[in-house]
Amino acid sequence: MSKNIKLIHPRNQITEIISRIYKRGMTTTSGGNISIIDESGDIWVTPSAVDKGSLRPSDIVCVKKDGTIIGDHKPSSEFPFHKAIYESRPDIKSVIHAHPPALVSFSIVRQIPNTNVISQAKHVCGPIGYATYEVPGSDELGAVIGEEFKKGYMVLF
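Residues numbered from 1 in each chain as written. Predicted model: local features only at pLDDT ≥ 70, side-chain atom pairs only at ≥ 80, totals over all residues. Heavy atoms only, no water.

Turning our eyes to something else, we now look at the sheet that holds strand 1 (residues 33-37). The antiparallel open sheet is built from five strands, whose spatial order is 4-3-2-1-5. On the outer flanks of this sheet lie strand 4 (69-70) and strand 5 (94-97), each paired with one strand and no other. Note that strand 2 (residues 43-45) and strand 3 (residues 61-63) share three bridges and pair antiparallel. What sits directly across from Trp 44, in strand 3, is Cys 62. Of the strands in this sheet, strand 1, strand 2 and strand 5 touch helix 1 (residues 10-23), which is tilted by about 155 degrees from strand 1. Relative to strand 1, helix 2 (residues 79-88) is tilted by about 35 degrees, and along the sheet it contacts strand 1, strand 2, strand 3 and strand 5. (Pairing = 2+ DSSP bridges. Helix = DSSP H or I, 4+ residues; strand = E, 2+ residues; numbered from the N terminus. Contact = heavy atoms within 4.5 Å. Axes fitted to C-alpha atoms, helices over the stretch in contact; angles between N-to-C directions.)

On to the layout of surface pockets. Taken as a whole, the largest pocket spans an internal volume of roughly 1600 Å³. In terms of lining residues, the largest pocket is bounded by 39 residues, among which Ile 96, His 97, Ala 98, Leu 156 and Phe 157 are the most central. Going through the elements one at a time, helix 2, strand 5, helix 3 (101-108), helix 4 (119-125), helix 5 (139-150) and strand 7 (155-156) are the ones with two or more residues in the lining of the largest pocket. For the lining of the largest pocket, the class distribution of residues is 29 nonpolar, seven polar and three charged. There is about 180 Å³ of room inside the second largest pocket. Forming the walls of the second largest pocket are Ile 37, Gly 41, Ile 43, Val 63, Lys 64, Lys 65, Gly 67, Phe 79, Lys 83, Tyr 86 and Glu 87. Classifying every residue of the lining of the second largest pocket by side-chain character gives five nonpolar, two polar and four charged. (1 Å grid on protein atoms, 1.4 Å probe; cavity = no way out; pocket = protein on both sides within 12 Å on 5 of 7 lines; lining within 4 Å. Points joined across faces, edges and corners; volume = space filled by probe spheres on them. Nonpolar A, V, L, I, M, F, W, Y, C, P; charged D, E, K, R; others polar.)

Looking now at the pairing of strand 1. Along strand 1, five of the five residues are buried, which leaves the element largely enclosed by surrounding structure. One ladder, built from four bridges, connects strand 1 with strand 5; its direction is antiparallel. Among the inter-strand pairings, Ile 36 is bridged to a residue of strand 5, identified as Ser 94. Note that strand 1 and strand 2 share three bridges and pair antiparallel. Along strand 2, the bridge assignment pairs Ser 35 with Val 45. As consecutive antiparallel partners, strand 1 and strand 2 are separated by five residues, and within that stretch Gly 41 has a phi angle of approximately 90 degrees, a positive value. (Buried < 20%, exposed > 50% of the residue type's maximum accessible area, 1.4 Å probe, protein only.)

Listed below in structure tokens is the structure:
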């Protein structure tokens, strides 16, 4: 029995999801980023310095497996941690980095939220890891995040 599966290009998937995140106030015009790694190892990622509320598919950047950048913009400044996650967890095919105000508050006080309070959160997030602070966009941040994901987390704080 065959199923009718409609494949959506990573550019379209990313713009649809970032639009939903932005419209729900879970990120700002310049904050947050999304990436998808495709079957060939190319990473499609939101661009740097482009308003997240008005992204179009043509704004999405492709970083080829060999490091070549294709697109009209630079990839997100947080690309190093996206790449580190994919390298440490080949089972992960997409990364969403958002800034929901409530979670930013937890981050400021360096406290991991208790997902046991809401069963859906516990089911979706599972155990939450914690990455120590490193400079945003740095290779060091990528290394710290990659190491945490190696521990099996699906969500990192």
